[in-house]
Amino acid sequence: MAAATTELCCLVALNHASCETPKPEDAAIVRGTWLVLQRPLEVETVKPILQELKLRVVEVTDEAATLDGSDVLFTGREFFVGISKWTNQEGAKFVADAFKDFSVSAVKIPEPHHLKSFCSMGGPSTIVVGSSDVARKAIKVMEQLTDFHYEKLSVPDDAAANCIYVRVGNKIDTLVHRSAEEFPESSTSELLWSNDSDTSNPVVLSAQVFQKLPDYTLIPASCTELVKLGASLSFCCILINKKY
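These remarks concern the structure in this document. Small disclaimer: the values here were computed from a predicted structure and weren't measured.

What counts and what doesn't
- Residues numbered from 1 in each chain as written.
- Predicted model: local features only at pLDDT ≥ 70, side-chain atom pairs only at ≥ 80, totals over all residues.
- Heavy atoms only, no water.
- Pairing = 2+ DSSP bridges.
- Helix = DSSP H or I, 4+ residues; strand = E, 2+ residues; numbered from the N terminus.
- Axes fitted to C-alpha atoms, helices over the stretch in contact; angles between N-to-C directions.
- Contact = heavy atoms within 4.5 Å.
- Buried < 20%, exposed > 50% of the residue type's maximum accessible area, 1.4 Å probe, protein only.

Ordered by their spatial adjacency, 3 strands build an open sheet running β6-β7-β8, and the pairing between neighbours is mixed. The sheet is open, and its two edges are formed by β6 (72–74) and β8 (103–108), each paired on a single side. On average, adjacent strands in this sheet sit at an angle of 20° to one another, irrespective of strand direction. In this structure, strand β7 (residues 78–83) lies alongside β8, joined through 6 bridges in parallel fashion. Within β8, the position partnered with glycine 82 by the bridge is valine 107. Strands in contact with helix α2 (residues 89–98) are β7 and β8; relative to β7, the strand with the most contacts, it is inclined by about 165°. Across the sheet, helix α3 (residues 133–145) lies against β6, β7 and β8, angled at about 150° from β8, the strand it touches most.

Here is the structure:
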């Protein structure tokens, strides 16, 4: 499946029949025309597919570096890299070396989480984030590491904060999010932090959480089977920038 875009990104969902992993996001990081591949056992599947899109490939060669795409959040302005069980400081340094035009900040993530297990982009300047202590502490660190102000849209369930945001066609904002059947609370309420709010006490605003995003095309998607394999929505695709 592909979503052609004019500005932000293209969604490439790899066919599981040809891909051994349910988490292709972990295998590759893409920004502009540059592609970083970091999972040797999965490169043979992912690399030829993305090379067809004329991306310049850089492979992680440092044996000391560990790096999962699920630990890398690109906001459109900068990268945040989660230092986790799967990604280390050497891996974060490789991201910084590969994308020199962007700021790269490392955020410590406790086991068993990936960075994008509890946060993702919900728009050009909006981060969707879960409400657990882990999520709150991580987003607070991210705020301290950046000079840009991001709006934070918080949902009660961490897993529901993992979304896929793309700008499709004629600047149509589209968000793929977890279904109400899986996370009814996250689909019917939201927590919104203002810049002056204490992140330990978010203000509850009663509303349909994703319905609050103006002029968005919203696509609910069930992830119940993929969750059994440790995957979530964004883990199952690779976002690329594609202009026509």
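Both trends apply: most residues other than glycine have a negative phi, and most peptide bonds are in trans. In this model, glutamate 111 is joined to proline 112 through a cis peptide bond whose omega is 5°. Tracing the backbone shows proline 112 in the loop between β8 and β9 (119–123). One non-glycine residue, aspartate 215, lies in the positive phi region at around 60°. Tracing the backbone shows aspartate 215 in the loop between β15 (203–205) and β16 (217–221). What makes aspartate 215 exposed here is its relative accessible area of 74%.

Honestly, that's just the spatial picture; any functional story needs more than this.
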